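Chains, contacts and geometry: an overview
Residues per chain, in single letters:
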Amino acid sequence: MYKTIFITGTPCTGKTTVSEVLSSKLNCRLIKINDLALENEFVLGIDEDKGYKVIDIPKLNEKVSEIIADSDELIIFEGHLAHLCDGADKVIVLRVRPEILRSRLEGRDYSEAKIRENLEAEAMGVCTAEAYEIYGEDISEIDVSDLTVDEIVDEISCVISGEKTYSVGEVDFMDWLISNS
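Residues numbered from 1 in each chain as written. Predicted model: local features only at pLDDT ≥ 70, side-chain atom pairs only at ≥ 80, totals over all residues. Heavy atoms only, no water.

1. Quick look at the overall build of the chain
Note the following rule: The secondary structure listing takes helices from DSSP runs of H or I that are at least 4 residues long and strands from runs of E that are at least 2 residues long, numbered from the N terminus. Taken over C-alpha atoms, the radius of gyration is set against a globule rule of 2.2 Å times the number of residues to the power 0.38. Partly exposed residues are those whose accessible area sits between 20% and 50% of the maximum for their type, while under 20% is buried and over 50% is exposed, using a 1.4 Å probe and protein chains only. Residue contacts are counted whenever heavy atoms from the two residues lie within 4.5 Å of one another. Computed with a 1.4 Å probe, the accessible areas rest on the Shrake-Rupley method; for each residue, only the protein chains presented here act as cover. We score Asp and Glu as negative and Lys and Arg as positive, and we do not count His or the chain ends. Charge positions are represented by NZ for Lys, CZ for Arg, CG for Asp and CD for Glu.
Each helix and strand in the chain was counted, giving eight helices and seven strands. Against the globule reference of 16 Å for 181 residues, the chain gives a C-alpha radius of gyration of 16 Å, in line with a compact fold. Considered along the principal axes of its C-alpha atoms, the chain spans approximately 45 × 40 × 30 Å. Scored against the burial criterion, the 181 residues of the chain give a buried share of 45%. If you take every contact in the chain between residues at least 6 apart in sequence, the share linking residues at least 24 apart comes to 77%. Total accessible area computed for the chain in this model is approximately 9,200 Å², and 46% of it derives from carbon and sulfur atoms. Distance between charge centroids for the chain: 3 Å, based on 18 positive and 38 negative side chains.

2. Description of the nonpolar core
Note the following rule: Nonpolar core, defined: a set of buried Ala, Val, Leu, Ile, Met, Phe, Trp, Tyr and Cys residues in which side-chain atoms within 4.5 Å join the residues together.
Counting residues in each nonpolar core, the largest one holds 28 residues, and the members touching the most others are Ile 5, Ile 7, Leu 22, Ile 92, Leu 94, Leu 105 and Ile 156. The greatest single-element share of this core, amounting to five residues, is contributed by helix H7 (residues 149–161). Those residues in contact with Ile 156 that lie beyond four places of it in its chain are Ile 7, Val 18, Leu 22, Ile 92, Leu 94 and Ile 142. Core analysis: the next-biggest nonpolar cluster, separate from the first, contains 23 residues, Ile 31, Leu 60, Cys 85 and Cys 127 among them.

3. Structural notes on the sheet that holds strand S6 (residues 90–95)
For clarity, the cut-off: Any two strands between which DSSP finds at least two bridges are classified as paired. Interaxial angle, 0 to 180 degrees, is taken between N-to-C directions of lines fitted to C-alpha atoms, where a helix line uses only the stretch in contact.
Strand order in the open sheet formed by five strands is S2-S5-S1-S6-S7, with parallel pairing between adjacent strands. Each end of this open sheet is capped by a strand with a single partner; those strands are strand S2 (29–32) and strand S7 (139–143). Ignoring strand direction, the axes of neighbouring strands in this sheet form an average angle of 20 degrees. By the bridge criterion, four bridges tie S2 to strand S5 (residues 75–78) in an arrangement that is parallel. Paired with Arg 29 across the strands is Ile 75, a residue of S5. Packed on one face of the sheet, helix H6 (residues 126–135) meets strand S1 (4–8), S6 and S7 and runs near 170 degrees to S6.

4. Side note on the pairing of S7
Every other side chain in a regular strand lies on the same face of the sheet, so the side chains alternate between the two faces. The element S7 is largely enclosed, with a buried count of four among its five residues. Where S6 and S7 come together, five bridges link them in parallel fashion. Each residue of the ladder has a partner; that of Val 93, found in S7, is Glu 141.

5. Quick notes on the side chain of Lys 15
So the rule is basically this: Whenever a nitrogen or oxygen atom comes within 3.5 Å of another N or O atom, the pair is scored as a polar contact, on the condition that within protein one atom can donate a hydrogen and the other can accept it, and that pairs from neighbouring residues in sequence are kept only if both atoms are in side chains.
Looking at the secondary structure, you find Lys 15 in helix H1 (residues 15–26). From its side chain, Lys 15 meets the backbone oxygen of Gly 9 in a polar contact 3.2 Å long.

6. Side note on unusual backbone geometry
Phi at Cys 12 takes a positive value of approximately 80 degrees, unusual for a residue other than glycine. Examined against the element boundaries, Cys 12 turns out to sit in the loop between S1 and H1. Overall, Cys 12 belongs to the buried group, its relative accessible area being 9%.

7. Structural notes on the packing of H1 against H7
Packed helices, taken two at a time, are described by their axes: the angle between them and the distance between them. Applied cut-off: Any angle between 65 and 115 degrees counts as roughly perpendicular, while under 35 counts as roughly parallel, over 145 as roughly antiparallel, and the rest as oblique. Each helix crossing is assigned a hand: it is left-handed if the near helix lies turned anticlockwise from the far helix by less than a right angle, otherwise right-handed if that turn is clockwise. Note on residue classes: Ala, Val, Leu, Ile, Met, Phe, Trp, Tyr, Cys and Pro are nonpolar, Asp, Glu, Lys and Arg are charged, and everything else, Gly too, is polar.
Viewed as axis vectors pointing N to C, H1 and H7 meet at an angle of 60 degrees, and their least axial separation amounts to 9 Å. With respect to their mutual orientation, H1 and H7 come out oblique. In the packing of H1 onto H7, the handedness of the crossing is right-handed. Across the interface between the two elements, Thr 17, Val 18, Val 21, Leu 22, Lys 25 and Leu 26 from H1 touch Val 149, Asp 150, Ile 152, Val 153, Asp 154, Ile 156, Ser 157 and Ile 160 from H7. Considering only residue class, the contact of H1 with H7 consists of nine nonpolar, two polar and three charged.

8. Regarding the packing of aromatic side chains
Rule in force here: A pair of aromatic rings is counted whenever rings of Phe, Tyr or Trp (Trp by its six-membered ring) have centres within 6.5 Å, and the orientation is called stacked for planes under 30 degrees apart, edge-to-face for over 60 and tilted otherwise. Consider the ring centre and the ring normal. A charge sits over the ring if Lys NZ or Arg CZ is within 6 Å of that centre and within 35 degrees of that normal.
In the structure shown here, the tally under the stated rule is two aromatic pairs. On the basis of an interplanar angle of 75 degrees and a centroid distance of 5.2 Å, the ring pair of Phe 6 and Phe 77 is categorised as edge-to-face. Placement of Phe 6 in strand S1 and of Phe 77 in strand S5 is noted, with a sequence separation of 71 residues between them. You can call Phe 6 buried: its relative accessible area is 0%. Taken together, the aromatic side chains of Phe 6, Phe 77 and Tyr 135 make up a single cluster linked through ring pairs. The cationic tip of Lys 114 hangs over the ring face of Tyr 110; the distance from NZ or CZ to the ring centre is 4.4 Å.

Here it is, written out as C-alpha cells:
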C-alpha cells in the first residue's frame, strides 16, 4: 500500500470531488495543493495573458516535502500542480475526453482561450508527460470520462492497495486535437 498519493490532471477532470470522497472513504488526510500554495503565500503574481496565479513551485515542493516527512499516515495531495512536486509514492492522473471536458470548463465560465488551452493540454496529455518526467512508471493514468465518482474512487482505491495498475500511454485523445486544429 502506498503512503503518499498525488492526484493530478487538467482542470475539471474531477480531482477535487474524487479526492474528497476518497479521503473520506480511506479516512486519510487530504491536502489541496492550490490551497496550500495560497495559505503559504507561494503566489509569485498573475499571468496577465492567461489570468491565472503563478505559483513558486520550488517553495511549494519544499512545503510538500516537509508535510510528507512529518507524517506516518496516508496522505492524498490533490491539484493540477501536485505532479510537479517530489515525494509521491504514486501519482494518479485523471483524464477526461476533451468533448466532455469542454462542457465542464464552460460551466466554470472560463474564457474561450483558457478553455482551448486546457483542451489542448488534455488532448496532448501534458500532466501525464510532466509527471512521467519526475516519476517514471510510478504513475497511473485513468480515463474517467465514463465513470461515476464512486467508480473512480473504487479504481483509485485498487491502485493504492496495489490490486490494479494503469499504464501510462493507454489514454490517447490526440485524435481530438487533430480533428479540432
